[in-house]
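Descriptive analysis of the structure
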Amino acid sequence: MTNPKPDGRERSIVISFYRAFKSFGTAIPTLLGVVLLLGLFLTLVSKQFIASVFTGELFRDTVIGSAMGSIAAGNPITSYIIGGELMKEGVSLFAITAFIVTWVTVCVVQFPAEAAILGRRFAVIRNSLSFFLAILISIATVTTLMVIQ
Amino acid sequence: MKTKRDKYHGFYFLLAVISLYLILFFFCPEKVYDSLKVSGDIFIRIIPVLFLVILFMALINYFLHPKTVEKYVGKGSGIKGWFFAISAGIISHGPIYVWYPPLKDLRDRGMRSGLIAAFLYSRAIKIPLLPLMVYYFGALFVTVLLLYIVIASLIEGEIVELIERKAKRIGISSFFLLL
């Protein structure tokens, strides 16, 4: 099976798969390292520890929520469950929103992989922006809810 | 051009993580066993996604010429580019790190960095998990939050491009030299 290129030459599906495997293969050590780090994180950092760091002060909790979500890793379902538990504990919705947003947008554990594959400058800029945007999103979301309700 | 250090960066990183495991093994071997078990479970869970990503990369390689990528997500893609990047981010599946290699491939073929940032940010919207999110936080909260996440994806993409344009215009600043 071949697909013509704009210059008239043809490319084979087999070569395309070979290139995909080769390209992905170079990322495998980094991905394995990230998976092993995730294992360590999920074993050593408990949900109770995450809940214990909130202070009750609105702005500080929002920043702490953003920071905890950035450091935390794993399935987003876990962030919803922890967020739900934190809400029951009386933690502000600002902090919980920042926490669940940075959980998926800021990648501290995955940072080495992102920096190695997409470039260190890109990874630093993207993760820093995501951290601050999560705080802004939490303020905007909760304020909007207050206005609507 | 890739330096030797860049080429082996992944191996050095993996070696550093293995070393960390070995050090921790002397202090709390049972935690290390638990971590390995958790890592093994994660790895088994992501295998189907890895195959999906390799298939996706092969299809990019086969069907997408740099000119096509340029047209849809390249410099002149405009609103269409943002739409494609954010929609793809929302529907993309699996952990974020498995998407780095195909995004790098797409960038090498002309995809804008801002759109890569928007793609990665919009992954915060997980369609299959929406019912659970609604269960915990309510439909109104989820609707408002999702709207702001889409807006933030656009803002982040624009700022990433703005910074890159400025960096190119003024040359490499001392800040970027540090990075």
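It should be noted that the structure appears before, not after, this text.
Now for a look at the structure at hand. No experiment lies behind these values; they were computed from the predicted model shown.

1. Some thoughts on the overall build of chain A
The secondary structure content of chain A amounts to 7 helices and 2 strands. Helices and strands in chain A line up, N terminus first, as β-β-α-α-α-α-α-α-α. Here chain A has a C-alpha radius of gyration of 20 Å; the compact-globule value for 149 residues is 15 Å, and the former is much larger. Considered along the principal axes of its C-alpha atoms, chain A spans approximately 65 × 40 × 25 Å. A burial count over chain A gives 52% of its 149 residues as buried. For chain A, the proportion of contacts with a sequence separation of at least 24, taken over those separated by at least 6, is 65%. If you sum the accessible surface of chain A, you get close to 6,600 Å²; carbon and sulfur atoms cover 67% of it. If you average the places of the 11 positive and of the 7 negative side-chain charges in chain A, the two averages end up 13 Å apart.

2. Description of helix H3 (residues 29-63) of chain B
One turn of the α-helix equals 3.6 residues, which is why residues spaced by three or four share an orientation. The terminal C-alpha atoms of H3(B), which comprises 35 residues, lie 49 Å apart, in line with the 51 Å expected from a rise of 1.5 Å per residue. The sharpest bend along H3(B) reaches about 40° and sits at Ile47(B), with the proline Pro48(B) one to four residues further on.

3. What about the nonpolar core?
Within the largest apolar cluster, 87 residues are counted, with the highest numbers of intra-cluster contacts made by Ile100(A), Tyr97(B), Val98(B), Tyr100(B), Leu120(B), Leu145(B) and Ile149(B). Of the domains in this structure, domain 1 (1-63) and domain 2 (69-179) of chain B are the two that each give at least three residues to this core. Excluding its chain neighbours within four sequence positions, the residues that come into contact with Val98(B) are Phe24(A), Ile46(B), Val49(B), Leu50(B) and Val53(B).

4. Considering the pattern of salt bridges
If the charged atoms of two oppositely charged side chains come close together, the side chains can form a pair. All names here are of chain B. This model, assessed by the stated rule, comprises 6 salt bridges over all chains. Salt-bridge contacts for Lys-37 lead to Asp-41; the nearest nitrogen and oxygen are separated by 3.7 Å. Taken together, the residues Lys-37 and Asp-41, both in helix H3 and 4 residues apart, mark about one turn of the helix. What makes Lys-37 exposed here is its relative accessible area of 57%. Here Asp-41 falls in the partly exposed class, since its relative accessible area comes to 37%.

5. Looking at the packing of aromatic side chains
A full pass over the atoms with the stated rule returns 12 aromatic pairs over all chains. Relative to Trp99(B), the ring of Phe56(B) lies with its centre 5.5 Å away and its plane at 70°, an arrangement referred to as edge-to-face. Of this pair, Phe56(B) sits in helix H3 while Trp99(B) sits in the loop between helix H5 (78-91) and helix H6 (100-108); the two residues are 43 residues apart in sequence, bridging distant segments of the chain. With a relative accessible area of 9%, Trp99(B) lands in the buried category. Here the aromatic cluster, defined as three or more aromatic residues joined through ring pairs, consists of Tyr80(A), Tyr135(B), Tyr136(B), Phe137(B) and Phe141(B). Looking at Arg107(B), its charged tip hangs above the ring of Phe122(A), at a distance of 5.9 Å from the centre.

6. Remarks on the side chain of Ser79(A)
By the element assignment, Ser79(A) lies in helix H4 (residues 76-88). Every residue in contact with Ser79(A), bar those within four places of it in the chain, is listed here: Phe99(A), Ile100(A) and Trp103(A).

7. Structural notes on the environment of Arg60(A)
Structurally, Arg60(A) is set in helix H3 (residues 58-71). With 37 residues separating them along the chain, Arg60(A) and Thr97(A) place their C-alpha atoms 14 Å apart.

8. Let's talk about the interface of chain A and chain B
Contacts between the two partners involve 73 residues from chain A, matched on the other side by 71 residues from chain B. In terms of surface lost to chain B, no three residues of chain A exceed Phe24(A), Tyr80(A) and Arg121(A), which account for 11% of the buried area on that side. Our count for the chain A to chain B interface comes out at 1 salt bridge. Residue Glu156(B) is joined to Arg126(A) by a salt bridge in which the shortest nitrogen-to-oxygen separation is 3.9 Å. Viewed at the interface, chain B and chain A are joined by 7 residue pairs in polar contact (both at pLDDT 80 or more). At the level of elements, strand E1 (2-4), strand E2 (10-12), helix H1 (13-44), H4, helix H5 (93-105), helix H6 (111-118) and helix H7 (120-148) of chain A are the ones that each hand at least two residues to the side of chain A that touches chain B.

What counts and what doesn't
- Residues numbered from 1 in each chain as written.
- Chains lettered and ligands numbered in written order.
- Predicted model: local features only at pLDDT ≥ 70, side-chain atom pairs only at ≥ 80, totals over all residues.
- Heavy atoms only, no water.
- Helix = DSSP H or I, 4+ residues; strand = E, 2+ residues; numbered from the N terminus.
- Rg over C-alpha atoms; globule rule 2.2 N^0.38 Å.
- Buried < 20%, exposed > 50% of the residue type's maximum accessible area, 1.4 Å probe, protein only.
- Contact = heavy atoms within 4.5 Å.
- Areas by Shrake-Rupley, 256 points an atom, 1.4 Å probe, with all protein chains shown as cover.
- Lys, Arg positive; Asp, Glu negative; His and termini not counted.
- Charge placed at Lys NZ, Arg CZ, Asp CG, Glu CD.
- Expected span 1.5 Å × (residues − 1).
- Bend = angle between axes of the 7 residues up to and from the residue.
- Core = buried A, V, L, I, M, F, W, Y, C linked by side-chain atoms within 4.5 Å.
- Domains from an automatic or database assignment.
- Salt bridge = Lys/Arg side-chain N within 4 Å of Asp/Glu carboxyl O.
- Phe/Tyr/Trp six-rings, centres within 6.5 Å; stacked < 30°, edge-to-face > 60°.
- Lys NZ or Arg CZ within 6 Å of the ring centre and 35° of its normal.
- Buried area = accessible area lost by both parts, 1.4 Å probe.
- Polar contact = N/O pair within 3.5 Å; in protein donor to acceptor, adjacent residues only side chain to side chain.

No statement about biological role is implied by the geometric values presented.
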